[in-house]
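# What the coordinates show
Spelled out from the first residue to the last, the chains are:
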Amino acid sequence: SRLADYREMLKDGVTMSAVELIAEDASLIDQDTGLAAWVESADNPDFAEMATDFLRNKLKVNDVIYPIAYNVVAFGECFLNTNYSNIEYRKEYNVGDFFTISDPEDVIHIYRFGVPLGYLYKPQSQGNKLSVDNDKLLPERSFIHFISDRANRDSISTDAYMQYGASFLEAARPYYKQRQLLDD
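What comes next is a walk through the structure. (Residues numbered from 1 in each chain as written. Predicted model: local features only at pLDDT ≥ 70, side-chain atom pairs only at ≥ 80, totals over all residues. Heavy atoms only, no water.)

### Focus: the packing of aromatic side chains
Aromatic ring pairs: the centre-centre distance and the angle between the two ring planes describe each pair. Counted under the stated rule, the structure contains seven aromatic pairs. Consider the rings of Tyr119 and Phe143, whose centres lie 5.1 Å apart with planes at 55 degrees: the pair is tilted. Note that Tyr119 is positioned in strand S4 (residues 115–121) and Phe143 in strand S6 (residues 143–147), a separation of 24 residues in sequence. As far as burial versus exposure is concerned, Tyr119 and Phe143 are alike and both buried. Ring centres 5.6 Å apart and planes at 50 degrees place the aromatic pair Tyr121 and Phe143 in the tilted group. Of this pair, Tyr121 sits in strand S4 while Phe143 sits in strand S6, placing them 22 residues apart in sequence. Among the residues examined, Tyr121 registers a relative accessible area of 31% and is labelled partly exposed. Stacked on the ring of Tyr161, the Lys or Arg Arg153 has its end atom at 4.0 Å from the ring centre. (Phe/Tyr/Trp six-rings, centres within 6.5 Å; stacked < 30°, edge-to-face > 60°. Helix = DSSP H or I, 4+ residues; strand = E, 2+ residues; numbered from the N terminus. Buried < 20%, exposed > 50% of the residue type's maximum accessible area, 1.4 Å probe, protein only. Lys NZ or Arg CZ within 6 Å of the ring centre and 35° of its normal.)

Shown next, in the form of structure tokens:
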């Protein structure tokens, strides 16, 4: 799979260093705002202020920006689990108290007629495989999906598709595969 190829490519020291440099550059703190990420909107400054407040105070964006940027650079996307669908978590904590980064192989973002529908989630580390047909669709609030602007989509049915980002490593992937064949 493409994600397995990216993981294998990251074992190369030069590739890993390049990904780390890009992620670090993307996660620098702006001197004017004091934030690594913020929202601006000429059309709706109230929304921009509310969203920036969320990034600053709930998400604590300065603390989590590097792993998010690293995942977007390496895998094309990052799924931040809000724990909204975790009933046990919600008994003790409020949604938004803690966020965790999920492995991109464990989550699929589903769209229907161009509108986000929800997420399929099943940890692969537990030997599970995602199944569009058999797994329960989690609501949109379950994850925050950071995705590279070079997004891709694969059809699931005539009216639904999954959307995923393109890794910065994608351009080197064919050469990596060729090198793998030569090495074998």
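### Points about the sheet that holds strand S5 (residues 137–138)
Overall, antiparallel pairing links the five strands, which are arranged S5-S4-S3-S8-S7 in an open sheet. Edge positions in the open sheet fall to S5 and strand S7 (152–155), since each of these has one partner strand only. Direction of pairing for strand S3 (residues 107–112) relative to strand S8 (residues 160–164): antiparallel, over a ladder of four bridges. Across the sheet, the residue bridging to Ile110 is Met162, located in S8. (Pairing = 2+ DSSP bridges.)

### Quick notes on the environment of Ser157
Along the polypeptide, Ser157 turns up in the loop between S7 and S8. Sequence spacing of Ser157 and Lys11 is 146 residues, and the spatial spacing of their C-alpha atoms is 36 Å. Reaching out from Ser157, the side chain makes a polar contact with the side chain of Asp159 at a distance of 2.8 Å. (Polar contact = N/O pair within 3.5 Å; in protein donor to acceptor, adjacent residues only side chain to side chain.)

### Description of the pattern of salt bridges
Counting across every chain of the model gives 10 salt bridges. With a closest N to O distance of 2.6 Å, Arg7 and Asp103 form a salt bridge. Taken together, the positions of Arg7 in helix H1 (residues 2–9) and Asp103 in the loop between strand S2 (100–102) and S3 put the pair 96 residues apart, joining distant regions of the chain. The class for Asp103 is partly exposed, based on a relative accessible area of 29%. In this structure, Arg179 engages Asp183 in a salt bridge whose closest nitrogen and oxygen atoms are separated by 3.5 Å. Of the two residues, Arg179 and Asp183 both sit in helix H6 (residues 173–183), four residues apart, roughly one turn of that helix. We classify Asp183 as exposed; its relative accessible area is 55%. (Salt bridge = Lys/Arg side-chain N within 4 Å of Asp/Glu carboxyl O.)

### As for H1
Residues of H1 that are buried include every one of Arg2, Leu3, Asp5, Tyr6 and Met9, and no others. One side of H1 holds all its buried residues, which, seen down the axis, span an arc of 155 degrees. On its buried face, H1 sits against helix H2 (13–26), helix H4 (61–75), strand S1 (77–81), S8 and H6. (Arc of directions from axis to C-beta. Contact = heavy atoms within 4.5 Å.)

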